[in-house]
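# Observations on the model geometry
Here is how the chains run, residue by residue.
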Amino acid sequence: MRLTPAQLAAYDRDGFLELPGLLDPGEVAVLRGEVDRVSQLQAEEVKREGADGPPKIMLGMHLAESATASAAMQALVRLPRTLDLAQQVLRETDLYIHHTKCNLKASIEGSAWPWHQDYGSWQLDGIRRPDMTTLMISLDPAAEINGCLYFLPGSHVEGRHDAVFDTSTAYHLYAVPHEVTRERIRRYGPPVAIVSRPGDAVLFDCNLLHASGHNLSADDRWQVYLCYNTCANRPEAIPNPRPAYVRGTDWHRPLQGINDTALMRAAGTD
Ligand SMILES: O=C(O)CCC(=O)C(=O)O
């Protein structure tokens with residue numbers, strides 16, 4: 001799928017690009033089935049809301065060797081509609097997956113994500129440059145009441161701000177300090193709510209400030225995130241690296257594109 005010059009310019013300027021209807025309803029149904037299956041597993045790749053709560057984030061589904069492995073997710077990261085997009089915004093052919101995640105944000109129990117830049121954590125994985133992008137795909141309708149994403153358009157241009165380790169929600173991560181966030185919202189705001197339908201997608205830069213709220217609704221809000229890095233930007237060796245399901249190690253095997261129908265074939269429905 002080719003992006004137009006105007007779409008590329010919008011991504012560079014705003015730090016994100018919305019792509020309505022990227023996946024069709026059949027593909028969304030296959031992925032929903034896989035997310036549902038994996039959410040029943042007890043595995044370290046499945047992080048919950050508290051010790052016994054519903055899953056908040058599920059990692060490693062695109063990996064062949066993971067406890068959470070899913071053939072459909074292995075196909076998803078290589079489709080022309082996903083990989084080609086990442087190659088275009090990163091202006092690089094050889095890419096690998098830093099990680100994938102399915103964020104489930106369960107009805108009532110699904111918790112917020114504080115304002116952060118993904119590169120705040122990924123830089124600490126040993127990755128030297130912010131040559132990274134994420135493709136988020138909605139598997140459910142996302143709205144303000146069920147905790148859709150919020151972006152601060154243009155906030156990526158200043159690069160990474162020193163991050164603080166935030167333990168206020170079930171998934172601990174490096175967040176932007178509150179004072180800095182307030183200042184940037186005043187300067188770049190207002191934040192934009194990424195309201196979406198199942199199958200809609202958005203590409204976003206790893207330095208874009210983003211956050212999301214608690215799910216106050218009666219329905220879950222499932223979203224899939226595919227995080228691409230360039231092979232040339234592979235992480236440096238660091239002491240005590242995070243596990244490979246969150247700090248990918250496949251930089252020596254650039255992703256090869258596959259047929260656009262591969263997701264349905266992987267699911268055995270084609
Ligand atoms: O799924 C969400 O609501 C936010 C997730 C997020 O910001 C992240 O995974 O970095």
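Just so you know, these numbers come straight off a predicted model, no measurement behind them.

Thresholds applied
- Within each chain, residue numbers correspond to sequence positions counted from 1 in written order.
- The predicted nature of this model means local features are confined to residues of pLDDT at least 70 and side-chain atom pairs, given and counted, to a pLDDT of 80 or more, with totals for whole chains, interfaces and linings taken over all residues.
- Strands here mean DSSP runs of E at least two residues long; helices mean DSSP runs of H or I at least four residues long; both are numbered from the N terminus.
- Only C-alpha atoms enter the radius of gyration; for comparison, a globular chain is expected to reach 2.2 Å times N to the power 0.38, where N is the number of residues.
- Exposed residues have 12 or fewer other C-beta atoms within 10 Å of their own C-beta, buried residues have 20 or more, and residues in between are partly exposed; the C-beta atoms are placed from the backbone.
- Contacts are defined on C-beta atoms placed from the backbone: any two residues whose C-beta positions lie within 7 Å are in contact.
- Residues are classed as near a molecule or strand if the C-beta position derived from their backbone is within 6 Å of it.
- Polarity classes work like this: nonpolar for Ala, Val, Leu, Ile, Met, Phe, Trp, Tyr, Cys and Pro, charged for Asp, Glu, Lys and Arg, and polar for all others, with Gly in that last group.
- What we call a nonpolar core is a set of buried Ala, Val, Leu, Ile, Met, Phe, Trp, Tyr and Cys residues whose membership is set by joining through C-beta atoms within 7 Å.
- Whether two strands pair depends on DSSP finding at least two bridges between them.
- Only C-alpha atoms enter the line fits that serve as axes; for helices the fit covers just the stretch in contact. Angles between N-to-C directions range over 0 to 180 degrees.

## Structural notes on the overall build of the protein
Helices and strands together make up the secondary structure of the protein, namely seven helices and 13 strands. In summary, the protein has a C-alpha radius of gyration of 17 Å against a globular reference of 18 Å for 270 residues, a match within 12%. Looking at the protein as a whole, 44% of its 270 residues are labelled buried. Long-range contacts, defined here as pairs at least 24 residues apart, represent 84% of the contacts in the protein between residues at least 6 apart.

## Quick notes on the site of the ligand
Taken together, K101, N103, K105, W113, D118, G147, L149, H210, S212, Q223 and Y225 form the complete shell of residues around the ligand. Listing elements by their share of the shell around the ligand, those giving two or more residues are β4 (95-103), β12 (210-212) and β13 (223-230). Along the lines of polarity and charge, the residues of the shell around the ligand split into three nonpolar, five polar and three charged.

## So, the nonpolar core
By size, the foremost hydrophobic cluster in this structure holds 67 residues, and its most contacted members are V202 and L203. Looking at which element gives the most residues to this core, the answer is helix α2 (residues 25-39), with five residues. When residues no more than four places from it in sequence are discounted, the contact partners of L203 are Y11, F16, L17, L19, L85, V89, T133 and L135.

## Digging into the sheet that holds strand β7 (residues 149-151)
Backbone hydrogen bonds are what pair the strands of a sheet, in a parallel or an antiparallel way. Pairing in this open sheet of four strands is antiparallel, and the strands run β5-β12-β7-β10 from one edge to the other. Two strands bound the open sheet, and with one partner strand each, they are β5 (113-116) and β10 (192-194). For this sheet, the mean inter-axis angle between neighbouring strands, taken without regard to orientation, is 25°. Pairing geometry for β5 and β12, over two bridges, is antiparallel. Among the inter-strand pairings, H116 is bridged to a residue of β12, identified as H210.

## What to know about the sheet that holds strand β3 (residues 55-59)
Strand order in this open sheet of seven strands is β1-β11-β6-β13-β4-β3-β2, and the pairing throughout is antiparallel. Taken across any chain shown, the strands that pair with only one partner, and hence form the sheet edges, are β1 (16-19) and β2 (46-48). Neighbouring strand axes in the sheet, compared pairwise and without regard to direction, differ in orientation by 20° on average. Sheet topology note: the strand β6 (residues 132-138)/β13 ladder contains seven bridges and is antiparallel. Among the inter-strand pairings, M132 is bridged to a residue of β13, identified as N229. Relative to the sheet, α2 contacts β2, β3, β4 and β13, its axis offset from that of β3 by approximately 105°. Seen against the sheet, helix α4 (residues 83-90) touches β4, β6, β11 (201-205) and β13 and runs at an angle of roughly 145° to β6.

## Topic: α4
Taken as a whole, α4 has its buried residues at L83, L85, A86, Q87 and V89. Once α4 ends, the next one or two residues include R91, with phi positive near 50°.

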